[in-house]
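# A look at the structure
So the chains spell out like this:
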Amino acid sequence: MQLNGIFILAELPVVVAEQIRAINERYDPKLARSKPPHITLTGSSGAGPLSPSISVEEMQEKLEPITRETAPITLVFQKPQRFMQSDIVVLPIEPHGPLRVLHDKIITSGLPFTRARYTFSPHSTLNLYQSLDAKSTHELLETRVPDPFVISAIQLYHTRDPQPSRKLLELPLTGGSKKD
């Protein structure tokens, strides 16, 4: 399946990103090279990708008010699972609470998202491109990344397989910050 669209992600903090990157490198080197370890907010679930014809200025105009009012969010990965009856293994995150509020604000921002194939299921992907044997799948499903972490920004990436993804925009989550 060829993919050409803009995904909204939340890149993981360095310590957690290093753990996920090591898993990606072991089980799916192509995924490890494609984007930094992240949580998918739009593009694969809840809302499809944005058209690459949307300007960075329009995306910033629609999303910056949301990120200005959203405080950094503390999250915890749940145990790995297969993504929506596929062979893809992901680390899911509780789909309710502040992350859901952020997702809902993004998809009602006025940006023209395409239709999603799946309901909102925030996650970090452990393998995507690589087909795994039963032993590797079992190992991935036993993997745990238990420590809480904080996402403090969202990033918009243009994904155009098979080319590497390209970061278009990063917006910090600054809600709750002191205003002078």
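Residues numbered from 1 in each chain as written. Predicted model: local features only at pLDDT ≥ 70, side-chain atom pairs only at ≥ 80, totals over all residues. Heavy atoms only, no water.

### Describing the environment of Pro-49
Considering the arrangement of structural elements, one finds Pro-49 in the loop between β2 (38–42) and α3 (56–69). Spatially, the C-alpha atoms of Pro-49 and Thr-125 are 17 Å apart, while their sequence positions differ by 76 residues. Here Pro-49 is in contact with Gly-5, Ile-6, Phe-7, Gly-43, Phe-113 and Thr-114, once residues within four sequence places are set aside. (Helix = DSSP H or I, 4+ residues; strand = E, 2+ residues; numbered from the N terminus. Contact = heavy atoms within 4.5 Å.)

### Regarding helix α4 (residues 98–107)
Within α4, the full set of buried residues consists of Leu-99, Leu-102, His-103 and Ile-106. Projected down its long axis, α4 shows its buried positions confined to an angular sector of 100 degrees, all on one face. Contacts made by the buried residues of α4 are with β1 (4–11), β2, α3, β3 (73–75), β7 (149–151) and β8 (153–160). (Buried < 20%, exposed > 50% of the residue type's maximum accessible area, 1.4 Å probe, protein only. Arc of directions from axis to C-beta.)

### Observations regarding the side chain of His-158
Secondary-structure assignment places His-158 in strand β8. On the basis of relative accessibility, which here comes to 15%, the residue His-158 falls in the buried class. In this view, His-158 contacts Asn-4, Gly-5, Ile-6, Pro-52, Ser-165, Arg-166 and Leu-168; residues no more than four positions away in its chain are not counted.

### Let's talk about the sheet that holds β8
Pairing is antiparallel in the open sheet, where four strands are placed in the order β2-β1-β8-β9. A strand with exactly one partner marks an edge of an open sheet, and here the two such strands are β2 and β9 (166–172). On average, each strand axis in the sheet is tilted by 30 degrees relative to the strand beside it, whichever way the strands run. By the bridge criterion, four bridges tie β1 to β2 in an arrangement that is antiparallel. Residue Ala-10 lies in a different strand from β2, and its bridge partner there is Ile-39. Relative to the sheet, α3 contacts β1, β8 and β9, its axis offset from that of β9 by approximately 30 degrees. Packed on one face of the sheet, α4 meets β1, β2 and β8 and runs near 45 degrees to β2. (Pairing = 2+ DSSP bridges. Axes fitted to C-alpha atoms, helices over the stretch in contact; angles between N-to-C directions.)

### So, helix α5 (residues 134–142)
Considered for burial, the residues of α5 that qualify are Ser-136, Thr-137 and Leu-140. The arc that holds every buried residue of α5, seen down its axis, measures 100 degrees, which confines them to one face. Away from its buried face by more than 90 degrees, α5 exposes Ala-134, Lys-135 and His-138. Packed against the buried residues of α5 are α1 (14–27), β4 (81–82), β5 (89–92) and β6 (123–127). Between the side-chain oxygen at the start of α5 and the backbone nitrogen of Lys-135 there is a gap of 3.3 Å, and the oxygen is on Asp-133. (Polar contact = N/O pair within 3.5 Å; in protein donor to acceptor, adjacent residues only side chain to side chain.)

### What to know about the pairing of β6
A regular strand carries its side chains on alternate faces of the sheet. Burial analysis of β6 places five of its five residues in the buried class, the great majority of the element. With four bridges joining them, β5 and β6 adopt antiparallel strand pairing. Bridge pairing in β6 places Val-89 opposite Asn-127.

### As for the pairing of β1
Most of β1 sits out of view: seven of its eight residues are buried. Sheet analysis places β1 next to β8, joined by six bridges and oriented antiparallel. Among the inter-strand pairings, Ile-8 is bridged to a residue of β8, identified as Leu-156.

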